[in-house]
Amino acid sequence: MNKALKKALALCLSLVSVLCLLTACGGNGEAAPTTEPAVTEPAEEAKVLKVLTLGHSLAVDCGHMLNMIAATEGIGDYEEIVIGTLYYAGCSLNRHVNYLQNNSSEYKLYLSSTKTPDTPPTIMDAVTMQTALKYDYWDIIVMQGGVFEITEPGTFTNGNIQTIQDYANKNKRNPLAVFAWHMPWASPLDNTLRDTYPNTPNNYYTSYEKYNNDRTTFYKGITKCVSDHILTDETFQFVIPTGTAMENALSSYLEEADLHRDYVHSTDLARVMNSYVWYCKLMGIEKLEGIKLDTIPVKFFKSTQGVTDRVLTEAEKNIILESVNNALANPLQITQSQYTQAPA
């Protein structure tokens with residue numbers, strides 16, 4: 001490049017910089033008035049992954065130990081992973097739309113970080129979806145449907161997903177944030193689990209009738225909707241297949257009561273396994289080499305009233321590792337476990 005062209009280019013860049021500065025200052029050297037609060041963007045060198053889920057209790061189950069597990073396994077080049085879960089009990093996509101349209105503060109926001117791996121999520125009450133979206137500079141926004149609506153094709157074609165995404169895109173702070181889909185599990189068939197839980201909604205019984213009281217039929221309905229409507233939707237970057245990991249584990253010697261604490265929620269063992277599925281998908285891990293977690297601290301317990309930490313057995317760790325890796329390799333189909341006999 002000759003000297004004259006270099007000088008001309010430098011002059012143009014200088015003029016552009018001055019014009020940009022004048023525009024930002026309202027053209028008179030004074031700051032332009034704004035009604036929006038100042039947003040502090042993260043420094044480029046900060047390597048922090050921030051994940052927000054718009055969901056219900058199944059997302060809470062998956063996120064409850066995620067900071068501990070991610071910190072235990074390692075977070076690569078990241079300095080921190082921040083996990084947020086916007087929660088309302090059993091929240092369907094239709095309810096999400098209703099709440100965002102009315103700016104309802106019915107939600108709770110669960111927050112945790114790998115910088116405090118021994119601390120369960122803290123909870124903010126009376127939160128709106130807008131508040132949650134603007135709370136941090138989220139990199140990934142995970143969506144999920146209600147427990148039974150995720151087998152209904154209309155759930156994915158009635159415009160609710162698009163409405164929520166449009167609202168998230170309007171209110172998110174990170175313009176590069178992407179969407180992911182959480183594919184949770186089918187509810188257990190064990191009537192003991194459902195009948196002994198005092199708050200099991202009546203519609204859980206009637207809704208199960210359409211699956212002929214067969215959990216596999218329920219699961220196949222979930223995977224078909226994901227295959228037909230999520231994998232074909234370019235707005236979703238990836239799917240988190242915890243539902244498949246659960247089915248994989250149930251093909252071992254484990255029974256429903258080992259993974260479900262009631263009519264839909266997961267036990268501490270299942271929470272660990274499903275957190276590993278999330279961890280792998282968030283970190284881009286295609287195959288997990290091992291399970292480093294040895295103990296679930298009592299403070300993370302949910303399904304038991306234990307007074308001491310829970311040690312994971314080698315047999316349990318083997319099933320977790322196998323179930324997670326098979327779900328990562330084949331996210332929409334059940335892979336038979338090799339561990340069909342309980343250890344002596």
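Chemist: Sorry, what's going on with the side chain of Ser337 here?
Modeler: For Ser337, the position within the fold is in the segment after helix H14 (314-329). By relative accessible area, Ser337 is classed as buried at 4%. Reaching out from Ser337, the side chain makes a polar contact with the side chain of Glu322 at a distance of 2.6 Å. When neighbours within four sequence positions are excluded, Ser337 is seen to be in contact with Asn248, Ser251, Ser252 and Glu322.

Chemist: Sorry, what's going on with the pairing of strand S6 (residues 178-182) here?
Modeler: Moving residue by residue along a regular strand, the side chains alternate between the two faces of the sheet. Most of S6 sits out of view: 4 of its 5 residues are buried. Across 4 bridges, S6 lies against strand S7 (residues 236-240) in parallel orientation. Bridging from a neighbouring strand, Ala180 pairs with Phe238 of S7.

Chemist: How do you make sense of the pattern of salt bridges when you look at a structure like this?
Modeler: Pairs may arise between side chains of opposite charge once their charged atoms sit close together. Enumeration according to the criterion identifies 10 salt bridges in this entry. Taking the shortest distance from any N to any O, the salt bridge between Arg215 and Glu247 comes out at 2.8 Å. Taken together, the residues Arg215 in helix H10 (residues 215-230) and Glu247 in helix H11 (residues 242-250) connect sequence positions 32 residues apart. Taking the relative accessible area as the measure of exposure, Glu247 reaches 4% and is therefore buried. Residues Lys317 and Asp294 are paired through a salt bridge, measuring 2.6 Å at the closest nitrogen-oxygen approach. You can see Lys317 sitting in helix H14 and its partner Asp294 sitting in the loop between helix H13 (268-283) and strand S8 (295-296), a full 23 residues away along the chain.

Chemist: For this particular structure, what's the right way to read the sheet that holds strand S3 (residues 107-113)?
Modeler: Working definition: the strands of a sheet are paired by backbone hydrogen bonds and lie parallel or antiparallel to each other. Strand order in the open sheet made by the 7 strands is S4-S3-S2-S1-S5-S6-S7, with mixed pairing throughout. A single partner strand is all that each edge strand has here, and the edge strands are strand S4 (122-127) and S7. Strand-to-strand twist in this sheet, taken as the mean axis angle between neighbours without regard to direction, amounts to 20 degrees. Summarising the sheet, strand S1 (residues 48-55) and strand S2 (residues 80-87) pair through 8 bridges and their orientation is parallel. Bridge pairing in S2 links Leu49 to Ile81. The sheet contacts of H13 involve S1, S2, strand S5 (140-143), S6 and S7, and relative to S7 the element is tilted by about 155 degrees.

Chemist: What exactly am I supposed to notice about the nonpolar core here?
Modeler: Generally speaking, nonpolar side chains in soluble globular proteins are found buried as a group. Residues Trp181, Val272 and Tyr276 are the most contacted members of the largest nonpolar core, which totals 90 residues. When residues in this core are grouped by element, the largest group, 10 residues, is from H13.

Chemist: Any chance you could explain the environment of Leu321 here in plain terms?
Modeler: Within the secondary structure, Leu321 sits in helix H14. In the structure, Leu321 is positioned 30 residues away from Ile291 in sequence and 6.5 Å away in space, judged by C-alpha atoms. When neighbours within four sequence positions are excluded, Leu321 is seen to be in contact with Leu288, Glu289, Gly290 and Ile291.

Chemist: Honestly, the packing of helix H3 (residues 66-73) against H13 in this entry has me stumped. Any pointers?
Modeler: Packed helix pairs are characterised by how far apart their axes lie and by the angle those axes make with each other. Between H3 and H13, whose axes approach to 9 Å, the crossing angle comes to 60 degrees. Accordingly, the angle class assigned to the pair H3 and H13 is oblique. The interaxial crossing formed by H3 with H13 has right-handed handedness. From H3, Leu66, Ile69, Ala70 and Glu73 reach across to H13, where they touch Val272, Ser275, Tyr276, Trp278, Tyr279 and Leu282. Among the residues forming the contact of H3 with H13, the class breakdown is 8 nonpolar, 1 polar and 1 charged.

Chemist: So what exactly am I meant to see when it comes to the side chain of Ser266 here?
Modeler: Tracing the backbone through its elements, the reader meets Ser266 in the loop between helix H12 (256-259) and H13. Residue classification places Ser266 among the buried positions, given a relative accessible area of 0%. Separated by 2.9 Å, the side chains of Ser266 and Asp61 make a polar contact. Sequence-distant contacts of Ser266, that is, excluding residues within four places in its chain, are made with Asp61, Trp185, Met246, Leu259, His260, Arg261 and Arg271.

Chemist: What exactly am I supposed to notice about the confidence of the model for the protein chain here?
Modeler: In low-pLDDT regions, the fine details of the predicted coordinates are not to be read closely. Confidence along the protein chain averages 85 in pLDDT terms, with 80% of residues attaining 70 or more. A low-confidence stretch, residues 1-40 stays under pLDDT 50, and its non-local contacts, those more than four residues away or across chains, total 10 contacts.

Rules used in this analysis
Residues numbered from 1 in each chain as written. Predicted model: local features only at pLDDT ≥ 70, side-chain atom pairs only at ≥ 80, totals over all residues. Heavy atoms only, no water. Helix = DSSP H or I, 4+ residues; strand = E, 2+ residues; numbered from the N terminus. Buried < 20%, exposed > 50% of the residue type's maximum accessible area, 1.4 Å probe, protein only. Polar contact = N/O pair within 3.5 Å; in protein donor to acceptor, adjacent residues only side chain to side chain. Contact = heavy atoms within 4.5 Å. Pairing = 2+ DSSP bridges. Salt bridge = Lys/Arg side-chain N within 4 Å of Asp/Glu carboxyl O. Axes fitted to C-alpha atoms, helices over the stretch in contact; angles between N-to-C directions. Core = buried A, V, L, I, M, F, W, Y, C linked by side-chain atoms within 4.5 Å. Parallel < 35°, antiparallel > 145°, perpendicular 65-115°, else oblique. Left-handed = near helix turned anticlockwise from the far one by under 90°. Nonpolar A, V, L, I, M, F, W, Y, C, P; charged D, E, K, R; others polar. pLDDT = per-residue confidence, 0-100.

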